[in-house]
Amino acid sequence: MSPRETVNDAPQRQSPSDASGEPLRILLVEDVAADAELLLRELRRAGVRCATQRVQSGADLRHALHHFAPDVVLADDALPQFSALDALHVVQRERPLTPVIIVTGSLNEETAVSFIKEGAVDFVVKHRLFRLGPAVQRALALRRALEDAAVAEIARHRAEEELRRQTEFLSHAQAAAGIGSWEWDIAGDCITWSDETYRIFGVDPAAGPISYERYLELIHPDDRADVAAAVGWSLQTREPFALDHRIVRPDGSLHFLHGRGGIVTDASGRPVRMLGAVLDITSRKQAEEALRRANDRLNAVIQSSPLAISTLDADGIVRSWNPAAERLFGWTAEEVIGRPLPAVHGEADEFRGTQRRVMQGEPVTAVEVIRKKKDGTPVTVNLVAAPLHEADGRITGILGLIEDVTGVKRLEQQFFHAQKLEAVGRLAGGIAHDFNNLLTVITSCSDLLLEDLGADDPKREDVAQIRKASESAAALTRQLLAFSRQQVLQPQILDLNETVAGTEKLLKRVIGEDIQLATVLAPDLGMAIVDPGQVEQIIMNLAVNARDAMPGGGRLTIATANTDMDAAYVQDHPPARAGRYVMLAVSDTGTGMDASTQAHIFEPFFTTKPFGKGTGLGLATVYGIVKQSGGFIWVYSEPGHGTTFKIYFPWAGGSAERSAAALAAKPQPGTETVLVVEDAASVRSVMRQVLERYGYAVLEAPDGETALQLAAKHHGPIHLLLTDVVMPGVSGRQLADRLLRLRPGIKVLYASGYTDDAIIHHGILEPGIAYLQKPFTRDALALKVRAVLDGS
Ligand SMILES: Nc1ncnc2c1ncn2[C@@H]1O[C@H](COP(=O)(O)OP(=O)(O)OP(=O)(O)O)[C@@H](O)[C@H]1O
Ligand SMILES: [Mg+2]
């Protein structure tokens, strides 16, 4: 059995029907059909057009509430299982706006009040059903009013929700953008901040709105006046303001803000409010600061770089030019920036080619090119060039690093020069070895001849000529060996004052009468360590040069002095080393030299003298001796103002205890046995002749092996080994060592014209070694042999 009696199956509607429109939908909660009919008749009688449905249980009621959607529910209070109050509760739960009218058989006041309290809109007693029509109409009116109120409530709720959503959106947007907003009620002096503004200022939102004064307190003291001025200006001009400033948060941290604000005026134009926003730009400021510092550092590097650094733009216009570039090229930054690079030398093809390559993205690494200085002189530079890129990868210019390699080039040349010298030296040494043997023979044989010839023999003159020529030849080989630093130096502790005094007589003869000789000798002069023969040669070479520079006469001064070279002096005078030196200075008042001549004077074979006059070996020889002696030489000269050479010899320590000048001794004869070892037969024979003349017994051998065999076979004593140093097979040194094992106590004298490192170190004779330089004279040989045998 269907619980429904559908009279009119109307669709669900939003609002109740009324008399003029569709029939009312009335749901009857009634178990007795006749009673229901009674109610309907009464409604019809009251003129209510309606469709009805009848239900008897809670489930049916719920179903009908949703599917029949009644405008009014009439609930009979007499149902045995389902009271009117039950029905009322179901309706309130399911369809709270649907009015319920209780229909009851009898009603006392108490029950009625309780129904109304529970929410029924009305009640009708069954025996007064004429009230039903008006009650329904009232209920409908009530329902309509309730529905209107509900709609209004929903709209209000929606609006609130929308506002909340927008506020939340704004708050999120502000937080995301780091922008805080504010509003200042000027009259009320109350600033309202958004959440983000509180966060930016580091203030707890619980603190509530703040005053303008409090706001100013949060501004950094140094920026406070600026902010106040900006706000004041805005109030005065009605113009919006914008400025960057710092704040100090309550926790003490510093932040950078960008603030903007503008005035809102009332109808009369008076400012009433100010609205604005703040943006926390601390990290941007920090990044800017970091960038600025990085830039400063980079700039410092560029400014102090020893490398010239320059940038060109795409059109070849100079954009930067560092101090090293100014120094290298001579143009100041002011002169070149904004102009095309002026340092292009000669043909510009190379320059343009390089520029094009780099602009196409191809870096140039370490090429040697020639550029031009401001004064026009070309300069060899090492160039590194790289393209400058824009952020999008576009090439906008060129960075160039330029190193002046002129100095390096010069060093290279000096190195080549040293190599050349060494080669010449080797050649000279090789020649000298053989040459000195020949000269030994010529000199010694002339001596022997002169001894043999009678005092008035007409041949004496010729022999003397030969003897003189061989002396000159010997001097020349000595020079060759000296400038190539191949000679054997025999340094002694020497008083330079004595040496100068000793040469004075000869000097006067060399320089002639037009030139005055002066000596300025330090009385407390320290002892120098140097080979005395070499010092004489130095003085002579310098004096001869001085003479040649003073063709019209002048003054030659020779001075000595003690000198201390300190670190500062040494720094300015490479390759000097700090320490004490004994100085010898030779000055003249002659023609002097210009810088380009001075640059070459120590080179062998450099001469400005006419052909046949000078060989160009004088100063090269001096230089070689000084270097080999561990000293230094400098020249000071100006054209027209004379020249001074200063030579520094190593100091021997202590003050001079003057040694008596060695007297030119006459050689003494001897009877000892001398073993002469020499591969050059002529030299060997000359040695034998000289020694035999002085009374010695002589054994001779052409080489080391033969000498050893001879020594083994010889029964008598051998007192002295006189040996050449450089020989094929066993060398002089090896021979001496082996012979000493065979015959301990034997004395050794080396004779050589040119020697390798067997008995010398860096050109200095090893201590304790007796040595005779070839070519030697008869007397020199006899003196040396006697001296070695006597152990002095
Ligand atoms: N006192 C000086 N005054 C001016 N010029 C000098 C002086 N000493 C040297 N010179 C210059 O230096 C050059 C080289 O000198 P150096 O003694 O090496 O060779 P030389 O004198 O020309 O030849 P040599 O010495 O071999 O006979 C000289 O030709 C001269 O031009
Ligand atoms: Mg000279």
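Since we're looking at a predicted model, the values are computed, not measured.

Asker: Whenever I open this one, the site of ligand 1 confuses me. Can you help?
Answerer: As a structural note, the neighbourhood of ligand 1 is formed by 20 residues, with Asn 545, Thr 607, Thr 608, Lys 609 and Thr 615 the closest of them. The separation between an oxygen atom of ligand 1 and a polar side-chain atom of Thr 608 is 2.4 Å. Here Gly 618 contributes a backbone N or O atom positioned 3.2 Å from an oxygen atom of ligand 1. Contact with the protein chains removes 90% of the 590 Å² of surface that ligand 1 exposes when unbound. Sorting elements by how many residues they give to the shell around ligand 1 places helix α16 (residues 532-549) first, with 3 residues. When its residues are assigned to classes, the shell around ligand 1 shows 8 nonpolar, 10 polar and 2 charged.

Asker: Sorry if this is basic, but what is going on with the domain arrangement of the protein here?
Answerer: Many analyses report the size of an interface as the accessible area lost when the parts associate. Along its sequence, the protein is carved into domain 1 (24-151), domain 2 (178-286), domain 3 (305-404), domain 4 (496-655) and domain 5 (673-789). Relative placement of domain 3 and domain 5: their C-alpha centres are 69 Å apart.

Asker: Just to check I follow, could you spell out the nonpolar core for this structure?
Answerer: Nonpolar side chains in soluble globular proteins tend to be buried together. Counting 36 residues, the largest nonpolar core has Leu 496, Leu 556 and Phe 649 as the members making the most contacts within it. The leading source of residues in this core is α16, at 7 residues. Those residues in contact with Leu 496 that sit more than four places away from it in its chain are Leu 525, Ala 528, Val 530, Val 535, Thr 560, Val 582, Leu 584 and Phe 649.

Asker: Looking at this structure, I do not really get the sheet that holds strand β15 (residues 395-404). What am I missing?
Answerer: For sheets, the rule is that strands pair by backbone hydrogen bonds, running either parallel or antiparallel. With antiparallel pairing, the 5 strands of this open sheet are ordered in space as β12-β11-β15-β14-β13. Lying at the two open borders of the sheet, with one neighbouring strand each, are β12 (318-321) and β13 (364-372). Across this sheet, the average inter-strand angle for adjacent strands is 30°, counted without regard to direction.

Asker: I tried to follow the side chain of His 220 on my own but got confused; where do I start?
Answerer: Structurally, His 220 is set in the loop between α7 (212-218) and α8 (221-237). Overall, His 220 belongs to the buried group, its relative accessible area being 14%. Leaving out residues up to four positions away in the same chain, His 220 has contacts with Arg 246, Ile 247, Val 248 and Leu 254.

Definitions and cut-offs
- Position numbers for residues start from 1 in each chain and track the written sequence from start to end.
- In the order they appear in the text, chains get letters beginning with A and ligands get numbers beginning with 1.
- Two thresholds apply to this predicted model, a pLDDT of at least 70 for residue-level local features and 80 or more for giving and counting side-chain atom pairs, whereas whole-chain, interface and lining totals are computed over all residues.
- Calculation of side-chain values draws on the structure's entire complement of heavy atoms; hydrogens and water are dropped beforehand.
- The criterion for a residue being near a molecule or strand is simple. One of its heavy atoms has to lie within 4 Å of it.
- Here a polar contact is taken to be a pair of N or O atoms separated by no more than 3.5 Å, where protein atoms must pair a possible hydrogen donor with a possible acceptor and residues adjacent in sequence count only if both atoms sit in side chains.
- Note on areas: Shrake-Rupley with a 1.4 Å probe; residue coverage comes only from the protein chains shown.
- Numbered from the N terminus, helices here are DSSP runs of H or I no shorter than four residues, and strands are runs of E no shorter than two.
- Residues were grouped as follows: Ala, Val, Leu, Ile, Met, Phe, Trp, Tyr, Cys and Pro as nonpolar; Asp, Glu, Lys and Arg as charged; and all remaining residues, including Gly, as polar.
- The source of the domain bounds is an automatic or database domain assignment.
- In plain words, nonpolar cores are sets of buried Ala, Val, Leu, Ile, Met, Phe, Trp, Tyr and Cys residues tied together by side-chain atoms within 4.5 Å.
- When accessible area is computed with a 1.4 Å probe and restricted to protein chains, residues below 20% of their type maximum are described as buried, those above 50% as exposed, and intermediate ones as partly exposed.
- The contact definition used throughout considers only heavy atoms, calling two residues in contact when any of these lie within 4.5 Å.
- The pairing criterion for strands is at least two bridges between them, as found by DSSP.
- Helix axes use the C-alpha atoms of the stretch in contact, all axes being lines fitted to C-alpha atoms, and the angles between their N-to-C directions lie in the range 0 to 180 degrees.

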